[in-house]
Amino acid sequence: MLEKLISEHAEQAYGYACRLTGDTQEAKELVQEAFFRVMRNFEDFDRSQPFSNWLMTILRHIHMDAQRSFERRNIISLDIPLESEEGTHGDSLQDGQDDVLERMTREDAAEKVRRVLDRLPNEYRGVLHLCDGQGLGYEEIAKVMECSVGTVKSRLSRARVELRKQVQAEYPDLVEA
């Protein structure tokens, strides 16, 4: 019965996944994960309801979870103070008039920094994410990391120095002397 339901709804699921993701490869992965969850949780399926509704809900939830995860990993807060100037990243944006080339250059630079950040030790990555990515204060970070405020400050300082050093070594054009 389950195999029949899957084969009957595979095309519909793929079409919906393509609309959600806008990418055929991501859609295939989404459908594969959805069918895996269907098989794993088939006993929870309410047979009085249409199977397609349940399947589409699973697809949507998987997609939303992936989006949230991506956003958490790739978000840059506009409230983070600029290092070289007064104000925040949000203050530095023009009122929707950004030149496309400038935006692409910024996105490229952000991606390069993310690549370096991903290679930092966990304790550095974690403290940078909590402070600069999530905007938490020292005391909040200390609670999350279960350490003292002094430890948070020193880790954050060392993490920023190490991040700058590695970015400068790999992408010297991104760091001002």
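What you see is a predicted model; the values in this text were computed from it and never measured.

A. Local environment of the overall build of the chain. Tallying secondary structure elements over the chain gives 8 helices and 0 strands in all. Reading the chain from its N terminus to its C terminus gives the helix and strand order α-α-α-α-α-α-α-α. Counting the 177 residues in the chain, one finds 29% classified as buried. Across the chain, every contact between residues at least 6 apart in sequence was considered, and the portion connecting residues at least 24 apart equals 53%.

B. Representation of the pattern of salt bridges in the model. Scanning all chains against the criterion turns up 9 salt bridges. Residue Glu-8 is joined to Lys-4 by a salt bridge in which the shortest nitrogen-to-oxygen separation is 3.7 Å. Of this pair, Glu-8 and Lys-4 both sit in helix H1 (residues 2-21), 4 residues apart, which is roughly one turn of the helix. Between Arg-160 and Asp-132 there is a salt bridge whose closest N-O contact spans 2.6 Å. A residue pair is termed long-range when its members are at least 10 positions apart, and Arg-160 in helix H8 (residues 149-170) and Asp-132 in helix H6 (residues 122-133) qualify at 28 residues. The class for Arg-160 is partly exposed, based on a relative accessible area of 34%. One network of salt bridges, in which partners are shared, links Glu-111, Arg-114 and Arg-115.

C. Seen up close, the nonpolar core. Core analysis: the biggest nonpolar cluster contains 21 residues, and Ala-13, Val-38, Phe-42, Phe-51, Trp-54, Leu-55 and Leu-59 have the highest contact counts within it. Ranked by the residues each element gives to this core, the list is headed by helix H3 (residues 51-74), at 7 residues. The contact partners of Phe-42, leaving out residues within four places of it in the chain, are Met-1, Leu-2, Leu-5, Arg-47, Phe-51 and Trp-54. Grouped together as the second largest cluster of nonpolar side chains are 16 residues, Leu-130, Leu-163, Val-167 and Tyr-171 included.

D. Fine view of the packing of aromatic side chains. All told, the structure shown has 4 aromatic pairs when counted by the stated rule. An aromatic cluster is built from Phe-42, Phe-45, Phe-51 and Trp-54, whose rings are joined through pairwise contacts.

E. The environment of Gln-168, seen in detail. The topology assignment puts Gln-168 in helix H8. Each C-alpha atom, one on Gln-168 and one on Val-113, is 10.0 Å from the other, the two residues being 55 residues apart in sequence.

F. Spotlight on the environment of His-129. In this fold, His-129 is placed in helix H6. Judged by its relative accessible area of 31%, His-129 falls in the partly exposed class. Distance from His-129 to Leu-156, taken between C-alpha atoms, is 9.9 Å for residues 27 residues apart in sequence.

G. Examining H8 more closely. The end-to-end C-alpha distance of H8 is 31 Å, a good match for the 32 Å that 22 residues give at a rise of 1.5 Å each. Within the sequence span of H8, burial applies to Val-152, Arg-155, Leu-156, Ala-159, Glu-162, Leu-163 and Val-167. Angularly, the buried residues of H8 cover 140° about the axis, an arc narrow enough to put them on a single face. Across H8 from its buried face, at more than 90 degrees, point the exposed residues Val-161, Lys-165 and Ala-169.

H. Seen up close, the packing of H6 against helix H7 (residues 138-145). Their axes nearest at 10 Å, the elements H6 and H7 cross at an angle of 135°. Accordingly, the angle class assigned to the pair H6 and H7 is oblique. In this structure, H6 crosses over H7, and the sense of that crossing is right-handed. Touching Glu-123, Val-127, Leu-130 and Cys-131 of H6 are Ile-141, Val-144 and Met-145, all from H7. A class-by-class count of the residues in the contact of H6 with H7 yields 6 nonpolar, no polar and 1 charged.

What counts, and at which threshold
- Residues numbered from 1 in each chain as written.
- Predicted model: local features only at pLDDT ≥ 70, side-chain atom pairs only at ≥ 80, totals over all residues.
- Heavy atoms only, no water.
- Helix = DSSP H or I, 4+ residues; strand = E, 2+ residues; numbered from the N terminus.
- Buried < 20%, exposed > 50% of the residue type's maximum accessible area, 1.4 Å probe, protein only.
- Contact = heavy atoms within 4.5 Å.
- Salt bridge = Lys/Arg side-chain N within 4 Å of Asp/Glu carboxyl O.
- Core = buried A, V, L, I, M, F, W, Y, C linked by side-chain atoms within 4.5 Å.
- Phe/Tyr/Trp six-rings, centres within 6.5 Å; stacked < 30°, edge-to-face > 60°.
- Expected span 1.5 Å × (residues − 1).
- Arc of directions from axis to C-beta.
- Axes fitted to C-alpha atoms, helices over the stretch in contact; angles between N-to-C directions.
- Parallel < 35°, antiparallel > 145°, perpendicular 65-115°, else oblique.
- Left-handed = near helix turned anticlockwise from the far one by under 90°.
- Nonpolar A, V, L, I, M, F, W, Y, C, P; charged D, E, K, R; others polar.

Keep in mind that these numbers describe shape and distance, not what the molecule does.
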